[in-house]
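Chain and residue survey
If you want the building blocks of each chain, they are given just below.
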Amino acid sequence: MKIVFMGTPEFAAASLKALEESGQYEIAAVVTQPDRPKGRGHKVQMSAVKEYALSQDLPVLQPQRVKEPEFQAEMEKIQPELIVVAAFGQFLPKCLLDLPQYGCINVHASLLPKYRGAAPIHYAILKGEKEAGVTIMQMDVGMDTGAMLSRVSVPIGPEMCQGDLHDILKEKGARLLLETIPKLVDGSLKAVPQPETEATYASLITRDMEKLDWTKPVTELHNQIRAFDPWPGSFTLLPDGKRLKLWKSRVQKADGTQGAPGEVLQADSRGFVIACGTGSLEVVECQPEGKKRMLAAPFVNGKHVKAGDRLA
């Protein structure tokens, strides 16, 4: 079967790798976003999907927009039997959706119809979900609105961060993709429409979401810290105005109030504890401005924070 694969980040690269290593499919082209500057040095970098494709000598296409006539003409020339999409980053026009014999399918990192959109893994943890998963759907012109073909779920542990869940789901999604395609081709899969009344959306994570609001309940703050690890991170301000990123935490007390929100209740050889709107949060791992990630105990031992300090 001739497949065109469309994807960009590491999550998508796992599915491409599974297809290629299966030896069952001809990857006629790999479509990914154009190389873009990243990081502090703004060095231009290729996507994880492009890196893997080049390592396997697979042809790579990088259109600025998939609606460009030149790109659509290239796809017409290829005549794929199936298009597989995973975290690609652009909407596909109807002419591309209708092109392959078996349509276009999308490997989406949520249990649809929950968390349609750009950041489903972040939001599953941010909203305190107890499970997440991957859904493979038949694509239509909407945002992750197509009928569901298959899905797999995984539990979200109380200390699991976004990076942990991402790594589990990328492998689960890759395996589910290999199980789904043969059933799609032989007609044994029944596409199930998504119940629109249950739909929720996971919009882009933005930098203005990073700051911790200590008036919120401790569970919300703990979930934010987990959801934003390893990107973009969550921060608070120390009394001297410097940023302190919090990477790992525990709910010390889930309810009640103990001091003003943001007040350091305890700071000793075990680390430090912060009062929240309700409950209190134990900091396990943090990162002072301009420094590397570190355990909370040595941060306290360095006299960077003490009981009675107020974090903002």
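Up top you'll find the structure we're talking about.
Residues numbered from 1 in each chain as written. Predicted model: local features only at pLDDT ≥ 70, side-chain atom pairs only at ≥ 80, totals over all residues. Heavy atoms only, no water.

Examining the environment of Gly-7
For clarity, the cut-off: Each helix is a run of H or I in the DSSP string that is no shorter than four residues. Each strand is a run of E no shorter than two, and both are numbered from the N terminus. A contact between two residues is defined here by any heavy atoms of the two lying within 4.5 Å.
Tracing the sequence through the fold places Gly-7 in strand E1 (residues 2-7). Sequence separation of Gly-7 and Leu-238 is 231 residues, and the distance between their C-alpha atoms is 40 Å. When residues no more than four places from it in sequence are discounted, the contact partners of Gly-7 are Ala-12, Val-31, Thr-32, Val-49, Ala-86, Ala-87 and Phe-88.

A closer look at the sheet that holds strand E10 (residues 148-155)
Rule in force here: Pairing between two strands is assigned when DSSP locates at least 2 bridges connecting them. Axis definition: a line fitted to C-alpha atoms, limited for helices to the stretch in contact. Angles are taken between N-to-C directions and run from 0 to 180 degrees.
Ordered by their spatial adjacency, seven strands build an open sheet running E5-E2-E1-E6-E7-E9-E10, and the pairing between neighbours is mixed. Looking at which strands have only one partner, the edges of the open sheet turn out to be strand E5 (60-61) and E10. Relative to strand E9 (residues 131-138), strand E7 (residues 104-108) runs antiparallel, the two sharing four bridges. When the bridges of E9 are listed, Val-107 appears paired with Ile-136. Sitting on the sheet, helix H3 (residues 69-78) touches E1, strand E2 (26-31), E5 and strand E6 (82-86), and the angle it makes with E1 is about 150°.

Concerning unusual backbone geometry
Defined as follows: With a 1.4 Å probe rolled over the protein chains alone, any residue whose accessible area is under 20% of its type maximum counts as buried; one over 50% counts as exposed, and the rest are partly exposed.
Omega for the bond connecting Asp-229 with Pro-230 falls within 30 degrees of zero, at 20°, which places this linkage in the cis form. Note that Pro-230 resides in the loop between helix H7 (218-227) and strand E12 (234-237). Put simply, Trp-231 and Pro-232 share a cis peptide bond, and its omega is 0°. Within the secondary structure, Pro-232 sits in the loop between H7 and E12. For Asp-57, which is not glycine, the phi torsion reads 60° and is therefore positive. Note that Asp-57 resides in the loop between helix H2 (48-55) and E5. Taking relative accessible area as the criterion, Asp-57 reaches 70% and is therefore assigned exposed. Unusually for a residue other than glycine, Tyr-115 sits at a positive phi of about 60°.

Observations concerning the environment of Glu-285
If you trace the backbone, Glu-285 turns up in strand E16 (residues 280-288). Apart from the residues within four sequence positions on either side, Glu-285 is in contact with Lys-245, Leu-246, Trp-247, Lys-248, Arg-293, Met-294, Leu-295 and Ala-296.

Examining the pattern of salt bridges
The cut-off we apply is this: Salt bridges, as used here, are contacts in which a Lys or Arg side-chain nitrogen is within 4 Å of a carboxyl oxygen on Asp or Glu.
Considering all chains together, one arrives at 13 salt bridges under this definition. Between Lys-94 and Asp-98 there is a salt bridge, and its shortest N-O distance comes to 2.6 Å. Of the charged contacts, one joins Arg-250 and Glu-282 as a salt bridge, the two residues approaching to 3.3 Å between their closest N and O atoms. One end of the pair, Arg-250, is in strand E13 (residues 243-253); the other, Glu-282, is in strand E16, with 32 residues separating them in the sequence. Linked through salt bridges whose partners overlap, the residues forming this network are Asp-229, Lys-248, Glu-285 and Arg-293.

Brief notes about the packing of helix H1 (residues 10-22) against helix H6 (residues 162-186)
Selection rule: Crossing handedness follows the turn of the near helix against the far one: under a right angle anticlockwise gives a left-handed crossing, and clockwise gives a right-handed one. Side-chain classes are defined by residue name, with Ala, Val, Leu, Ile, Met, Phe, Trp, Tyr, Cys and Pro counting as nonpolar, Asp, Glu, Lys and Arg as charged, and the others, Gly among them, as polar.
Between H1 and H6, the shortest axis-to-axis distance is 8 Å and the interhelical angle comes to 40°. Handedness of the crossing formed by H1 with H6: right-handed. From H1, Glu-10, Phe-11, Ala-14, Ser-15, Ala-18, Leu-19 and Ser-22 reach across to H6, where they touch His-166, Asp-167, Leu-169, Lys-170, Glu-171, Gly-173, Ala-174, Leu-177, Leu-178 and Ile-181. Class assignment of the residues belonging to the contact of H1 with H6 gives a composition of nine nonpolar, four polar and four charged.

Overview of the nonpolar core
In plain terms, the rule: Put simply, a nonpolar core is a bunch of buried Ala, Val, Leu, Ile, Met, Phe, Trp, Tyr and Cys residues held in one set by side-chain atoms that sit within 4.5 Å of each other.
One finds Leu-16, Leu-19, Val-84, Ile-105, Leu-165, Leu-169 and Ile-181 to be the most contacted residues of the largest nonpolar core, which totals 44 residues. Here this core gets six residues from one element, more than from any other, and that element is H6. Filtering out sequence-adjacent residues up to four positions away, Ile-181 remains in contact with Met-1, Ile-3, Leu-19, Tyr-25, Leu-82, Val-84 and Ile-105. In terms of nonpolar packing, the next biggest core, distinct from the first, is built from 20 residues, Leu-238, Val-264, Val-283 and Val-300 among them.

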